[in-house]
Every structure is written in structure tokens, then in C-alpha cells.
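Chain by chain, the residues run as shown.
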Amino acid sequence: MQMLRPRLLRSCQALPRGEGCARCIRDRSTAAPSAPTVLSRRASRPSRPPRPLPLSARHASTSTAGRRSTASNGSARGKILYLLVGAGIASAAVYSKTSQPLRAQRRNIIAPDTFQEFRVTQKRIASSTLLEEKGDGEHVMLDVDVEVSLNEDQQGGQSGKEAMCIHTLHLASPALSIQRPYTPLYSPFVVSNDAPASIKTPKSALRKVQLMIKKYNDGEVGRFAHSLASGDQILLRGFDKSWQGDGTETELILIAGGTGITPMHQLISSLFGSNASSNSAATATTTKPKITLLYSAHQISALCLLPELEDLRQRAGAERLHIELFVDQHSHSHSLYERVFGRRTKEVRGMKLNGNRVGLKDLERIAKQKDAHTHCKVLIAGPDGMVEAIAGPKARDGKSQGELGGHLSHLGWKKEQVWKL
Ligand SMILES: Cc1cc2nc3c(=O)[nH]c(=O)nc-3n(C[C@H](O)[C@H](O)[C@H](O)COP(=O)(O)OP(=O)(O)OC[C@H]3O[C@@H](n4cnc5c(N)ncnc54)[C@H](O)[C@@H]3O)c2cc1C
């Protein structure tokens, strides 16, 4: 396998602690703790081994019946050699031409430690609450066909364990060489009708990975993702588990801010999506927990994936999946909504709309509806400020969870019940 010159991926990881941006520090938490990440390229096919001389030709050179003078033997050998070299060149040319499409068709199996090239199969704008067709312009959806290797649990895509996992991958641009973690909207290890899969061999499967990526005006990878078109090349490595249930959870409270909705969407769709409903093994091996999702954004048009969430809520039933929306700029959001729909609203697509950030009172109200804290867990993903206010900051190393703080600590939740993604 031909390897590109190994090089360290540039990121704020190289900066002294505290000088990197908060997002890059978050990146540190999921980056492979080990050795430098190496960019690898698919092996170029090795040239064909020289074909052995045909038996007839070998006999010709030693046969007494056809013995010629040394000079004529030499010239005959020369001719044969000349012909063989010519034939070799011609077949090499034909081979290299025909092998091009073969190479393009072959797929890489995504690996956790090595970046490999994949192509974007589709790029579109993520739908938003108000501007469904145009989106809010900040979020883009990328589809990438990725072959994944499957362990015994994952073969057949019907493992209950897999439904209680959140998987993350890392995206890098070939030019920028900066990596960031992203969470596919659907688990690559749970077969889904929403994200169709084709089983290739029992040990690997081709999966459509869907990423929703936000663009920050001066954000590096987000801007790169928004600049992509179908057919463009990206580098991916994965998958890392960013959370796994232990099988005891009967209830989950999921708190998402902004793009923190992506891991929550993956988990909910694994449990209640079209994949899950046609997946009896997942239902049999684990009891599906009841879920409350609290999803916040700075304004109403920045709430993404609402059609998808509405669909999941209908599949799961309101009893099993309760969703509430929160917007910071409530009055602005209301007038925006009023302008589009001609009326004010307290709910969107059947989901309650709160005009504030997720606060102590909301968490108290939600927790009261739970039977007991012991089998209920809280997962939280979002901007650092939000995570800090609700659950305390992550540890300074950016990897470990840190102490539980914020509203949840105030309300008596235990550290082991809360996971900061
Ligand atoms: C487990 C996990 C899963 C994630 N999943 C998703 C997902 O599905 N979708 C998604 O969109 N995001 C996701 N993220 C966030 C994502 O990894 C990136 O952090 C995000 O896309 C921003 O990256 P960027 O390169 O575009 O921006 P960056 O270059 O990191 O910049 C982001 C912002 O920080 C500011 N900034 C940059 N450098 C500095 C600095 N040195 N000091 C201060 N401020 C600075 C920029 O101005 C910009 O506003 C996830 C994060 C984690 C940890």
C-alpha cells in the first residue's frame, strides 16, 4: 500500500492549553489519544507480475529438431524478446485503462485510526422550521457512501446493543488537513430504511452516512463542508463510540443545543426510526427507554430536523418520545413565525415551543415526571456555555467528563447519571 508522507493534522491541539478555541478543545476529547493521525491513500494496484515464458517458446530454444545456428538462435531469441516486450507494453496500457473504473468502483472500509478518501454522493441544504425548502443557510447535509466492517453483534444490523450507542466520525479536508468530529444522523450499525444499506459480505456493509454540518463564518471545516459538491473528495475516519448505554436505562433525558441535535437524532432514530420498527431483535434484547428531548436554538429558524423529529415522534408515540423546543430570541422568533404563517404559535409540528433557554425550572418540571432518578440518565450536547450551565464544564483535558455542576447538580442528579457528549 502506497502511503502518503505521514503528517500531523493541523488543529488547535498543537496550541498550548487555553489558547485553542473551545470547539477544538472539544475535538481533543474525541481525537484518537494515540499516535499522530496518518493520512493514507488507497493502494495503487501493483503492476502485474511478468508472465512466465510459454512452454512452446522455451522448447523452441532448446529443441534439437529446430536447431539453428548460434547467430540465428540469437536473432530468434531477440525477436521473441522484442515481441514479448511489445506485448507486455500493450497489455500494460490496456490494463491500466481498464483498471481505472475498477479502482473508482472499489470502496474503502472506514477505519478508526486512518483517514481514507471518500466521495460526497449528495449535498443539500438542511431543512429548517420556517424555510423548509431553503433552510436557514447555515446547515448543510452531506451524504457519503461508506463501507463499514461489522462485528458479530452488528452483523445483520439488528443488535439491541447498537441501538443504545452513539457513533461519531472525524472529517478532514485533503487540503486543510484539519479534523473535526461529526455525528451521522443515522447509526451506521443499525439498518435503516431512511438511510438504506446493502449488505456486501457478512462482515461488512455499505452504508449511506448522512452528516449535518453547521457553517461558522470563520470556522474551518464547516466552511469546507459547505463548499463541497457531489463527487468531491473528503477524508473520513471512524467510528468512535461517543456514548453507550449499559442496558439499565428506562428513561433518557436528551438535552441538545444547536448542532448537538445530531447525536440525539442518531440515538432516537436507532430506537424508534423505520430501522427500529422493522427490527424485532432490537426490541427483544433491550427494553427501549422512554425519551424526553429538550432541543434549543438561538432562534426558531435555526431549529433543524423538525420534520424528521416529528416523524420519529409519530412512530414512537407521544408516550415514549416527548419533545420540547426552546428558542432564545422568543419575541423575534414569534414575529418571524407570524410573518410566515400569519399567526403566533406555542408549538411547532406538535412540539411545545418554549420562549427561553433550557433552565432550572424546565429541568425540575421534566424530572418530576420521571418515576425515579435511578434508571434515568441525562445526555447533553451543545455549546460549551450551555453544557456548563446545565451540567458543569467538561474536564480541562477536554476528554474526561469533569465534575457534575450546574442545574443538574443543584437538582440532586448524580455524576454517573449524566453524560456530556
Ligand atoms: C462528539 C462531537 C460531535 C459533533 N457533531 C457535530 C455535527 O454532527 N454537526 C456539526 O455541525 N458539528 C458537530 N460538532 C462540532 C464540530 O466538531 C466542530 O466543532 C464544528 O463544526 C466547528 O468546526 P469548524 O472547523 O467549522 O469551526 P472552527 O474553526 O472550530 O471555529 C468554530 C468557531 O470558533 C471560533 N474559533 C475558531 N478558532 C478560535 C480560537 N482559537 N479562539 C476562539 N474562537 C475560535 C470561530 O470563529 C468559529 O466561530 C461535534 C462536536 C463533537 C465534539
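Residues numbered from 1 in each chain as written. Predicted model: local features only at pLDDT ≥ 70, side-chain atom pairs only at ≥ 80, totals over all residues. Heavy atoms only, no water.

Draft legend 1. Local environment of the pattern of salt bridges. This model, assessed by the stated rule, comprises twelve salt bridges. Between D362 and R365 there is a salt bridge, with its nearest N and O atoms 3.3 Å apart. Of this pair, D362 and R365 are both found in helix α11 (residues 360-368), three residues apart, which corresponds to roughly one turn of the helix. Since its relative accessible area comes to 8%, D362 is described here as buried. (Salt bridge = Lys/Arg side-chain N within 4 Å of Asp/Glu carboxyl O. Helix = DSSP H or I, 4+ residues; strand = E, 2+ residues; numbered from the N terminus. Buried < 20%, exposed > 50% of the residue type's maximum accessible area, 1.4 Å probe, protein only.)

Draft legend 2. Molecular detail of the sheet that holds strand β15 (residues 418-420). Strand order in the open sheet formed by seven strands is β12-β13-β11-β10-β9-β14-β15, and the pairing between neighbours is mixed. Pairing within the sheet leaves two strands with one partner each, and these edge strands are β12 (347-348) and β15. Note that β12 and strand β13 (residues 351-354) share two bridges and pair antiparallel. Its bridge partner lying in β13, V348 is registered against M351. (Pairing = 2+ DSSP bridges.)

Draft legend 3. Summary view of the packing of aromatic side chains. In the structure shown here, the tally under the stated rule is one aromatic pair. Between the aromatic rings of F189 and F239, the centroid separation amounts to 5.7 Å while the plane-to-plane angle is 80°, which identifies the pairing as edge-to-face. With F189 in the loop between β5 (179-182) and β6 (197-201) and F239 in strand β8 (residues 233-244), this residue pair connects regions lying 50 residues apart in the sequence. A relative accessible area of 7% places F189 in the buried class. (Phe/Tyr/Trp six-rings, centres within 6.5 Å; stacked < 30°, edge-to-face > 60°.)

Draft legend 4. Region of interest: helix α6 (residues 261-272). Here α6 contains twelve residues, and its C-alpha end-to-end distance of 16 Å stays within 8% of the 16 Å for a straight helix at 1.5 Å per residue. Counting buried residues along α6, twelve of its twelve residues qualify, which places the element largely inside the surrounding structure. (Expected span 1.5 Å × (residues − 1).)

Draft legend 5. How the structure looks around the pairing of β13. Taken together, the three bridges between strand β11 (residues 321-327) and β13 define a ladder with parallel strand orientation. Looking across to β13, one finds that E324 is bridged to K352. Where β12 folds back onto β13 in an antiparallel hairpin, the turn is made up of two residues, including R349, whose phi is positive at roughly 50°.

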